[in-house]
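Results of the structural survey
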Amino acid sequence: MANEVVLLDFWPSMFGIRVRIALAEKGVKYEYKEEDLKNKSPLLLQMNPVHKKIPVLIHNGRPFCESPIIVQYIDEVWKDKAPLLPSDPYQRAQARFWVDFIDKKMYDSLRKTWTTKGEEQEAAKKEFFEVLKTLEGQLGDKPFFGGDNFGYVDLSLIPFYCWFYTYETCGKFNVEAECPKFIAWVKRCLQRETVAKALPDGKKVFEFVSAMRTNLGLE
């Protein structure tokens, strides 16, 4: 059976980066197709007609959407190398819970740090640090969220780091000063080649965001 893998993605997307890290961890070769989100390709609209969003993984012609679902699919299909989710059902459920927490809590609070001003921005910063403190508590003294090995929660959270320079610059705060344990975890993740190669430069992301902030009338 052919093993054709295509990824429809957008370079600064933290959700797309998750999929790129998962594929790299598994050693899966794939074709990367960059999407213009202002002019979405017919292939993207065909493969994700419901949400019309990236990332979309196309495996042997069949589409898979939403990054947590894609990463879990990758882990199940290419299961002979670098397991991402725990084998224990309870631990696996816990990992899914924390990724759901990240997606529901972190994304919105972070987005507001660069799309708002004044009191709304201050509230977003407070919420963001509350989320980070909660995650630090879950990490505890472990090297990674799942224990000794890099796994599903780490892979799902670390892509947000490439946006931290933007958040810190726009929100005028310093994550390491407030959450040193979290940044120590970031540095451990960045020692992995699969992570370091997947994350775009933070200043490049900031340039991208600055253009959007100008369009929003925030700069």
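Our subject is the structure that appears above.
First, a word on what this report is: a plain description of the structure on this page. Residues take numbers from 1 onward in each chain, read along the sequence in its written order. Under the rules for a predicted model, residues below a pLDDT of 70 receive no local features and side-chain atom pairs below 80 are neither given nor counted, while totals for whole chains, interfaces and linings still include all residues. Water and hydrogen atoms play no part in the side-chain values, which are based on all heavy atoms of the structure.

With 27 residues, helix H4 (residues 89–115) ought to run about 39 Å at 1.5 Å a step, and its terminal C-alpha atoms sit 39 Å apart, in line with that. The angle separating two fitted axes, one through the seven residues that finish at a residue and one through the seven that start at it, defines the bend at that residue. A helix here means a DSSP run of H or I that spans at least four residues, while a strand means a run of E at least two residues long, and both kinds are numbered starting from the N terminus. Along its length, H4 shows its largest kink, about 30°, at Met106. We call a residue buried when its accessible area falls under 20% of the maximum for its residue type, exposed when it is over 50%, and partly exposed in between, using a 1.4 Å probe and counting protein chains only. The set of residues buried in H4 consists of Ala95, Trp98, Val99, Phe101, Ile102, Met106, Ser109, Leu110, Thr113 and Trp114. Any two residues whose heavy atoms approach within 4.5 Å at even a single point are treated as in contact. Where H4 is buried, its residues contact helix H1 (14–26), helix H3 (67–77), helix H5 (118–139), helix H6 (152–157), helix H7 (164–171) and helix H11 (202–215). One less than the number of residues in a helix, times 1.5 Å, gives the span that helix is expected to have.

Spatial ordering of the open sheet is given by E2-E1-E3-E4, a layout of four strands whose pairing is mixed. Both edges of this open sheet fall to strand E2 (31–34) and strand E4 (62–65), since each of them pairs with a single strand only. Across this sheet, the average inter-strand angle for adjacent strands is 20°, counted without regard to direction. Two strands pair when backbone bridges link them, and strand E1 (residues 5–9) and E2 are joined in this way by four bridges, in the parallel orientation. Bridging from a neighbouring strand, Asp9 pairs with Glu34 of E2. Between any two strands, at least two bridges found by DSSP are needed for them to pair. The axes used here are C-alpha line fits, helices contributing only the stretch in contact, and every angle between their N-to-C directions lies in the interval 0 to 180 degrees.

Another aspect to go through is the pattern of salt bridges. Here, a salt bridge means any Lys or Arg side-chain nitrogen found within 4 Å of an Asp or Glu carboxyl oxygen. In the structure shown here, the tally under the stated rule is 11 salt bridges. Asp75 is the partner of Lys26 in a salt bridge, and the nearest nitrogen-oxygen pair spans 2.8 Å. On the criterion of sequence distance, the pair formed by Lys26 in helix H1 and Asp75 in helix H3 is long-range, its members being 49 residues apart. For Asp75, a relative accessible area of 11% puts it in the buried group. In this structure, Arg111 and Asp108 form a salt bridge, with 3.7 Å as the shortest nitrogen-oxygen distance. Pair noted here: Arg111 and Asp108 are both in helix H4, with a separation of three residues, about one helical turn. Using a relative accessible area of 31% as the deciding quantity, one classes Arg111 as partly exposed.

Helix length check: H11 (14 residues) gives 20 Å between terminal C-alpha atoms against 20 Å at 1.5 Å per residue, within 8%. Turning to H11, the residues buried within the fold contact H4 and H7. We call two N or O atoms a polar contact when they sit within 3.5 Å, provided that within protein one can donate a hydrogen and the other can accept it, with sequence-adjacent residues counted only if both atoms are side-chain atoms. N-cap assignment for H11: the residue whose side-chain oxygen lies 3.0 Å from the backbone N of Lys203 is Asp201.

Our next topic: the side chain of Arg18. Looking at the element boundaries, Arg18 is found in helix H1. Among the polar contacts listed, one links the side chain of Arg18 to the side chain of Asp103, at a separation of 2.5 Å. With residues near it in sequence (within four places) discarded, Arg18 still touches Ser67, Pro68, Val71, Val99, Ile102, Asp103, Leu155, Ser156, Pro159 and Phe160.

We now examine the packing of H4 against H5. In the contact formed by H4 and H5, the axes pass within 8 Å of each other and the chain directions differ by 150°. As far as their axial angle goes, H5 and H4 are roughly antiparallel. At the point where H4 passes H5, the crossing takes the left-handed sense. Judged by residue contacts, Trp98, Phe101, Ile102, Lys105, Met106, Ser109, Leu110, Lys112 and Thr113 of H4 engage Gln121, Ala124, Lys125, Glu127, Phe128, Val131, Leu132, Thr134, Leu135 and Gln138 from H5. When describing relative orientation, an angle under 35 degrees is termed roughly parallel and one over 145 degrees roughly antiparallel, while 65 to 115 degrees is termed roughly perpendicular and anything else oblique. With the far helix as reference, a near helix turned anticlockwise by less than a right angle produces a left-handed crossing, and one turned clockwise produces a right-handed crossing.

Of all five residues in E1, five are buried; the element is thus mostly enclosed. For E1 and strand E3 (residues 56–59), the ladder comprises four bridges, and the chain directions are antiparallel. Counterpart to Leu7 in the pairing with E3 is Leu57. Handedness of a crossover is defined as follows: orient the strands so they point away from the viewer, and if the path from the first strand over the helix to the second runs clockwise, the crossover is right-handed. With H1 bridging E1 and its parallel neighbour E2, the resulting β-α-β unit is right-handed.

Purely geometric numbers; function is a separate question.
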